[in-house]
Amino acid sequence: MTLLGTFALWAALLLGCWSAALALFGPWQRRPALAVAVTRGSYAVCAALLVATVALWKGIFAHDFNIEYVASYTSRNLPTYYLVSAFWAGQKGSLLFWAVILSIFGALAQALTSARHKLLLPYVAGVTNLVIAFFVSVMLFGGANPFERLGFTPPDGRGLNPQLQNPGMVMHPPMLYLGYISITIPFAFAIAALLARRLDTGWIIAMRKWALASWLFLSIGITLGMWWAYVELGWGGVWAWDPVENAPLLSWLTLTAFLHSVMIQEKRGMLKRWNVSLMIGTFLLSIFGTFITRSGAIASVHSFTQSDIGYFFLALLLVSAVLSFTLLYTRWPMLEAEVQLESLVSRESAFLFNNLALVGIAFSVLWGTLFPIISEAVRGTKITVGPPFFNRVNVPLGLFLLLLTGVGPLIAWRKASAANLRRQFIVPVASGAIAAAVLLVAGLRDFYALTALSLAGFVLGTVAQEFYRGVRARRSLHGENAAVALAHLVARNRRRYGGYIVHVGIVIYFVAFTGLAFKVKKEIDLQPGATDSIRSPFGHTYELTHMGVSQYERLNRQVSAATLEVRRDGKRITTITSEKRQYLDSFGNPTFEPSTEVGIHSDLREDLYVVYAGSPDGTERARFTVMINPLVSWFWIGAAVLTMGGLITMWPGGPQLRTPRRRLAVQSGYGVPLAGVAE
Amino acid sequence: MKPGTRFALGAVLIVGSVSLMIVQGIKQTGTYFLTPTQLVARTEQDPHFFNIGLKVSAKVVPGSIKRDAMHQRVDFAISDGTKSFPVTYVGLVPDTFTDANDIDVVVEGKLGRDGTFHATDVIAKCGSRYNAVWQQSGKKT
């Protein structure tokens, strides 16, 4: 199978290069048969990489430990679902995963894009295949071939790192990869538009759903990463501003900016240069993120395999930056805006500020992440910045963005009149003010928390008003009842109302982040039967009674589990168990260092988070770190809402606009969604 | 004033304040990140370079970890091959913190005049995804 796999990689490389050369330099504009050949090249690359994928999975499932990759990341006693995820657990496998997914996306882009954009498609195939060829070359020439064999066959594999043996880790990397990988498709469309000199909104319409899909995958991937860090790493937080966490956030931020600014291009023909630049920047940041996580250039708590392949990515980063921006420069005059900004009080301007804030956050995160390198290069001393820096800069910017999330949908395109402002802002502002008043009465005095939650009230007011007005308009126009009107409203204007639901999801994230400011932590040391207590910021008192430590064996690990009985305000609510685990190979020898499983009791208000820290004297006496983390559940709820909104926005079908209709769009900016006007 | 100009003013205001926040933030929260050799060199140059909050990245000297479970105290030594010094830390150390196989740690804290590093935080690199090195014998190292 390894021979077949390596052969498939070579086939993919040659096919990819051939198809890219044909697409970028061939005379397919004059010979339609060649354009078909380019498209088929994309399918062939995809087929070759699928063969390689099957070959690797077959090796993993057959426990063929003669394959170095299989021996390094799996073992005989590894549960089946982790055999699936072992495919991308290591560097070599994740490169193959990347290549195969990109080839699937590339093939789908060829198959699904409407014939109206057929002049872009060969270029799209060319760019995509070049990137795929790059990944395959790294595998073949960068010493990262997953099919490499060992000179002998170990009796058992090394097994999968315990921290990766977590359901979140089965889903988190592929989701993040899907996000990262799918960025290449909208990027390829942007480059195709530049190459083909078709710089109207065509390319944006052709790739819009890809950009949305990429954004959605990144959002889910980042949130799963937060969840994994929360349940697995035992420090009770979701975000530590580690370079590995910052890397996907950078692409997410610029992509978010892009999704907003393309609306201005579609409706008003402005910001063409900015949009192309944002797309190029997003792609470059995704490669940059791969570089910093894979090269070890920046110290991170997460050490991925550090090898020279990082420098392949650095090379890709530099080459694609130079080529893309040179191309953009040569097409610069064709990207003239069609109109000028008419007023500072307009939706365009709100979107522009939104873009500035998002790019500002991205820049500060990039700067903070790179600062150790920059300071060492400039001043000769490495200086790092941590969470205090990122929070200081990004909390105010984040709150400004939250404000704009509420303002944007309320304000008219082109130029808002005083009447428009009055009509639109009364309800949302009142809703924000009520939120502030309630919180003040409830005793909240923290400035940032108060601001964040009041703004959350304001944004929710905005969204509620938009939905209410839309439903009311449909009811009077079509005589539908409220539920039918709501369903039709969303179905007929998916992008707009899906977008509002995404906004609600984002508001929920903000609320959850606010909660983290109020976490409480206590270290306790208990003899069996003894009790200690901790008080939560919501005013509950938790009494924790140590029930003892039990030792037992599971399929691939020894467990010692400490259990606490939990009483809240005197009432028994649950028991919580936290474990120390020692993983074993199939001969019973320990593998990896011991690991800890935290115990969590979660409700909508707060999480009780217990980490068993071992016994100080080898008896059942146990130490625990206990935390109360307010509002953490809301991260996962926010993610669900955001995903739902994203899916509504992307759902295929429904009324489509062939060309942007600026006149109608201006009207709908006043909050009257006309039937059949897709925003 | 034209709307474009007004927007430009607003943009300058935002970009300016973001830059200011970044510069101030780095000034006030940035910490030195040194290797033991660099740290020793600094203290030799500047006799006041003690008891300043900083981070040191090094390897744990194998066999040097002494754990006092009763008081949750850990003493160990770190080294970058040329310079090494003792570290003392009170608190919970991560699971990955062992002196078995040459692990990388980042310690945050202050170097006292006594030559001991008083750590307030010990971060052991989580070994997720490091490559196993296979040898001919079939043993893992």
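Residues numbered from 1 in each chain as written. Chains lettered and ligands numbered in written order. Predicted model: local features only at pLDDT ≥ 70, side-chain atom pairs only at ≥ 80, totals over all residues. Heavy atoms only, no water.

A. Quick look at the overall build of chain B. For chain B, the count of helices and strands is 2 helices and 7 strands. Reading chain B from its N end, one meets helices and strands in the order α-β-α-β-β-β-β-β-β. When the 141 residues of chain B are sorted by exposure, 42% land in the buried category. For chain B, restricting intrachain contacts to residue pairs at least 6 apart in sequence, the fraction spanning at least 24 positions comes to 47%. A total accessible area of about 7500 Å² is found for chain B, and carbon and sulfur atoms account for 57% of it. (Helix = DSSP H or I, 4+ residues; strand = E, 2+ residues; numbered from the N terminus. Buried < 20%, exposed > 50% of the residue type's maximum accessible area, 1.4 Å probe, protein only. Contact = heavy atoms within 4.5 Å. Areas by Shrake-Rupley, 256 points an atom, 1.4 Å probe, with all protein chains shown as cover.)

B. Fine view of the domain arrangement of chain A. Residues and elements named next belong to chain A. For chain A, the domain assignment lists domain 1 (1–160), domain 2 (411–516 + 634–668) and domain 3 (520–633). Computed from C-alpha coordinates alone, the two centres of domain 1 and domain 3 are separated by 43 Å. If you look at the interface, domain 1 gives 9 residues, while domain 3 gives 8 residues. A per-residue breakdown of the area domain 1 buries against domain 3 is headed by Asn77, Asp156 and Arg158, which together make up 63% of the total. Here domain 1 and domain 3 share 0 salt bridges between them. Summed over the shared surface of domain 1 and domain 3, the number is 1 residue pair in polar contact (both at pLDDT 80 or more). (Domains from an automatic or database assignment. Buried area = accessible area lost by both parts, 1.4 Å probe. Salt bridge = Lys/Arg side-chain N within 4 Å of Asp/Glu carboxyl O. Polar contact = N/O pair within 3.5 Å; in protein donor to acceptor, adjacent residues only side chain to side chain.)

C. Examining the sheet that holds strand S5 (residues 557–568) of chain A more closely. All names here are of chain A. Across the sheet, which stays open at both edges, the 5 strands sit in the order S3-S4-S5-S6-S7 with antiparallel pairing between neighbours. Lying at the two open borders of the sheet, with one neighbouring strand each, are strand S3 (531–535) and strand S7 (595–597). Sheet twist, expressed as the mean angle between neighbouring strand axes with direction ignored, is 30°. Relative to S7, strand S6 (residues 571–583) runs antiparallel, the two sharing 3 bridges. Pairing of Lys580 across the sheet is with Thr596, part of S7. (Pairing = 2+ DSSP bridges. Axes fitted to C-alpha atoms, helices over the stretch in contact; angles between N-to-C directions.)

D. Quick look at the side chain of Ser42(A). Residues and elements named next belong to chain A. With respect to the helices, strands and loops of the structure, Ser42 is situated in helix H2 (residues 32–61). Residue Ser42 is classed as buried on the basis of its relative accessible area of 4%. In this structure the side chain of Ser42 is engaged in a polar contact, spanning 3.5 Å, whose partner is the side chain of Asn129. Residues in contact with Ser42, not counting those within four places in the same chain, are Ser19, Gln110, Ala125 and Asn129.

E. Structural context of the pattern of salt bridges. All names here are of chain A. All chains considered together, the criterion is met by 20 salt bridges over all chains. Here Glu565 ties to Arg567 by a salt bridge, and the two come within 3.7 Å at their closest N and O atoms. For Arg567, a relative accessible area of 30% gives the class partly exposed. Among the ionic pairs, Glu597 bridges to Arg581, the shortest N-O distance being 3.7 Å.

F. Fine view of the sheet that holds strand S9 (residues 606–612) of chain A. Residues and elements named next belong to chain A. Taken in spatial order, the 4 strands line up as S2-S10-S9-S8 in an open sheet, and their pairing is antiparallel. Looking at which strands have only one partner, the edges of the open sheet turn out to be strand S2 (520–526) and strand S8 (599–602). For this sheet, the mean angle separating the axes of adjacent strands, direction not counted, is 15°. Both S8 and S9 contribute to a ladder of 4 bridges, which runs antiparallel. Residue pairing for S9: Ile600 is matched across the bridge by Tyr609.

G. Here's a closer look at the domain arrangement of chain B. What the domain assignment lists for chain B is domain 1 (1–30) and domain 2 (31–124). Distance from the C-alpha centre of domain 1 of chain B to the C-alpha centre of domain 2 of chain B: 39 Å.

H. Fine view of the interface of chain B and chain A. With 49 residues of chain B at the interface, the matching set in chain A holds 69 residues. For the pair chain B and chain A, the two sides together bury roughly 4900 Å², of which 61% comes from carbon and sulfur. Taken together, the links from chain B to chain A amount to 0 salt bridges. On the surface where chain B and chain A come into contact, there are 4 residue pairs in polar contact (both at pLDDT 80 or more).

I. Region of interest: helix H5 (residues 91–112) of chain A. Across its 22 residues, H5(A) extends 31 Å between first and last C-alpha, which sits within 8% of the 32 Å expected from 1.5 Å per residue. In terms of residue burial, H5(A) counts as a mostly covered element, since 18 of its 22 residues are buried. (Expected span 1.5 Å × (residues − 1).)

J. Structural view of the packing of aromatic side chains. Residues and elements named next belong to chain A. A full pass over the atoms with the stated rule returns 40 aromatic pairs over all chains. Seen from their ring centres, Trp28 and Tyr123 are 5.0 Å apart, and the 75° between their planes marks the pair as edge-to-face. Of the two residues, Trp28 sits in the loop between helix H1 (2–25) and H2 while Tyr123 sits in helix H6 (residues 121–141), which places them 95 residues apart along the sequence. Neither Trp28 nor Tyr123 differs from the other in exposure class; each is buried. Taking 4.9 Å as the distance between ring centres and 10° as the angle between the ring planes, the aromatic pair formed by Trp241 and Phe390 counts as stacked. A residue pair is termed long-range when its members are at least 10 positions apart, and Trp241 in the loop between helix H9 (202–232) and helix H10 (243–268) and Phe390 in helix H14 (residues 387–407) qualify at 149 residues. Comparing Trp241 with Phe390, the two get one shared label, buried. Connected via pairs of aromatic rings, a cluster forms that spans Trp57, Phe87, Trp88, Phe97, Trp98, Phe134, Phe135, Tyr177, Tyr180 and Phe313. The ring of Phe538 is capped by Arg605, whose NZ or CZ atom sits 5.3 Å from the centre of that ring. (Phe/Tyr/Trp six-rings, centres within 6.5 Å; stacked < 30°, edge-to-face > 60°. Lys NZ or Arg CZ within 6 Å of the ring centre and 35° of its normal.)

K. How the structure looks around the packing of H6(A) against helix H12 (residues 309–330) of chain A. Residue and element names in this part refer to chain A. H12 packs onto H6 with a crossing angle of 150° between their chain directions and a minimal axis gap of 11 Å. The orientation of H6 relative to H12 falls into the category roughly antiparallel. Seen from above, H6 lies across H12 with right-handed handedness. From H6, Phe134, Phe135, Val138 and Phe141 reach across to H12, where they touch Ile309, Phe312, Phe313 and Leu316. (Parallel < 35°, antiparallel > 145°, perpendicular 65-115°, else oblique. Left-handed = near helix turned anticlockwise from the far one by under 90°.)

L. Representation of the environment of Ser64(B) in the model. All names here are of chain B. As for its placement among the helices and strands, Ser64 is situated in the loop between strand S2 (54–60) and strand S3 (66–68). Taking relative accessible area as the criterion, Ser64 reaches 13% and is therefore assigned buried. Taking C-alpha positions, Ser64 is 9.7 Å from Thr98, a pair spaced 34 residues apart along the chain. A distance of 3.1 Å separates a polar atom in the side chain of Ser64 from the backbone nitrogen of Ala77.

M. Expanded view of the nonpolar core. Residue and element names in this part refer to chain A. With 173 residues, the main nonpolar core has Leu9, Leu49, Leu96, Val136, Phe189, Trp203 and Phe258 as its most contacted residues. Ranked by the residues each element gives to this core, the list is headed by H9, at 17 residues. Ignoring sequence-local partners within four residues, the contact set of Phe258 consists of Trp203, Met207, Ala211, Asn275, Leu278 and Met279. (Core = buried A, V, L, I, M, F, W, Y, C linked by side-chain atoms within 4.5 Å.)

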